[in-house]
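Structural features, examined
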Amino acid sequence: MTQELSRESFDRLDQFISKINDHEKASSLIKVLYEAQEIFGYLPRDVIFSIGEKLNVPTAHIYGVITFYSFFTTKPKGKCQIKLCLGTACFVCGAEKLAKDMEAELKLKMGETSEDLSFSLEGVRCVGACGLAPAVLVNEDVHARVTSKDIKKLLRPYRKALKMNETGSESSE
Ligand code: FES
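Residues numbered from 1 in each chain as written. Predicted model: local features only at pLDDT ≥ 70, side-chain atom pairs only at ≥ 80, totals over all residues. Heavy atoms only, no water.

1. Describing the domain arrangement of the protein chain
- For the protein chain, the assigned domains are domain 1 (7-68) and domain 2 (80-167).
- Between the C-alpha centres of domain 1 and domain 2 there is a distance of 31 Å. (Domains from an automatic or database assignment.)

Take a look at the structure:
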């Protein structure tokens, strides 16, 4: 299961790097990694090696930086990234059961991504929406006071959108 790394994506990254002055290249690593993750969705091995060559930075150092910042990931994420808040307020309001039921519904454990790269599931700390506990983020959307019986309904529009993207047409429901 590998996500395709397109030539266009590499070209976009090369263009970004080419705008950086030579004497700033080594100090621009984080900026370049950030851009690369925006383009590819994660930081694949080939991309890391390419960045190392272009910035003249050892790959071991790049992996060190990636490991240090939890924002960076070397694993592909799903198109729908579900983040379940497991902070105190959400926990008290039932996030633990919600997490178990969400795992069962998606057939994923926390931290996993589905084989088809549709969904990623992650438990996170307080997302700053304690008044909406238990809170669930799906990409940029915040879902408030989610209970186990809401899971199917919550996922429905995302599943529908994924299906439409797959078939390239509107599904009738
Ligand atoms: S604890 Fe969940 S939003 Fe704050």
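2. Looking at helix α3 (residues 45-55)
- Residues Val 47, Ile 48, Ser 50, Ile 51, Gly 52 and Leu 55 constitute the buried set of α3.
- The inward-facing, buried residues of α3 abut α1 (7-18), α2 (29-40) and α4 (59-68).
- Remark: Asn 56 follows α3 within two positions and exhibits a positive phi of approximately 60°. (Buried < 20%, exposed > 50% of the residue type's maximum accessible area, 1.4 Å probe, protein only. Helix = DSSP H or I, 4+ residues; strand = E, 2+ residues; numbered from the N terminus. Contact = heavy atoms within 4.5 Å.)

3. Looking at α4
- Along α4, the residues that are buried comprise Ile 62, Val 65 and Ile 66. Along the axis of α4, the buried positions cluster into a sector of 100°, meaning they face one direction only. In α4, those exposed residues whose orientation departs by more than 90 degrees from the buried face are Ala 60, Thr 67 and Phe 68.
- Next to the buried residues of α4 lie α2 and α3. (Arc of directions from axis to C-beta.)

4. Regarding the pattern of salt bridges
- All chains considered together, the criterion is met by 8 salt bridges.
- One salt bridge in this structure joins Asp 101 and Lys 97, with 2.6 Å as the shortest N-O distance. In this pair, Asp 101 and Lys 97 are both assigned in helix α6 (residues 95-106), 4 residues apart and thus about one turn of the helix distant.
- Overlapping salt bridges bring together Arg 7, Asp 11, Asp 14 and Lys 54 as one network. (Salt bridge = Lys/Arg side-chain N within 4 Å of Asp/Glu carboxyl O.)

5. Side note on the sheet that holds strand β3 (residues 136-138)
- The 4 strands lie next to each other as β2-β1-β3-β4, forming an open sheet whose pairing is mixed. The open sheet has two edge strands with one neighbour each: β2 (119-124) and β4 (141-143). Between one strand axis and the next, the sheet turns through 20° on average, direction left out of account.
- Judged from the 3 bridges that link them, β3 and β4 form a sheet pairing that is antiparallel. The residue of β4 that forms the bridge with Leu 137 is Val 142. (Pairing = 2+ DSSP bridges. Axes fitted to C-alpha atoms, helices over the stretch in contact; angles between N-to-C directions.)

6. Quick look at the pairing of strand β1 (residues 80-85)
- Bridge count between β1 and β2: 6 bridges; the pairing is parallel. Considered in β2, the bridge of Cys 80 is made with Phe 119.
- Pairing between β1 and β3: 3 bridges, direction antiparallel. The partner of Ile 82 across the bridge, within β3, is Val 138.

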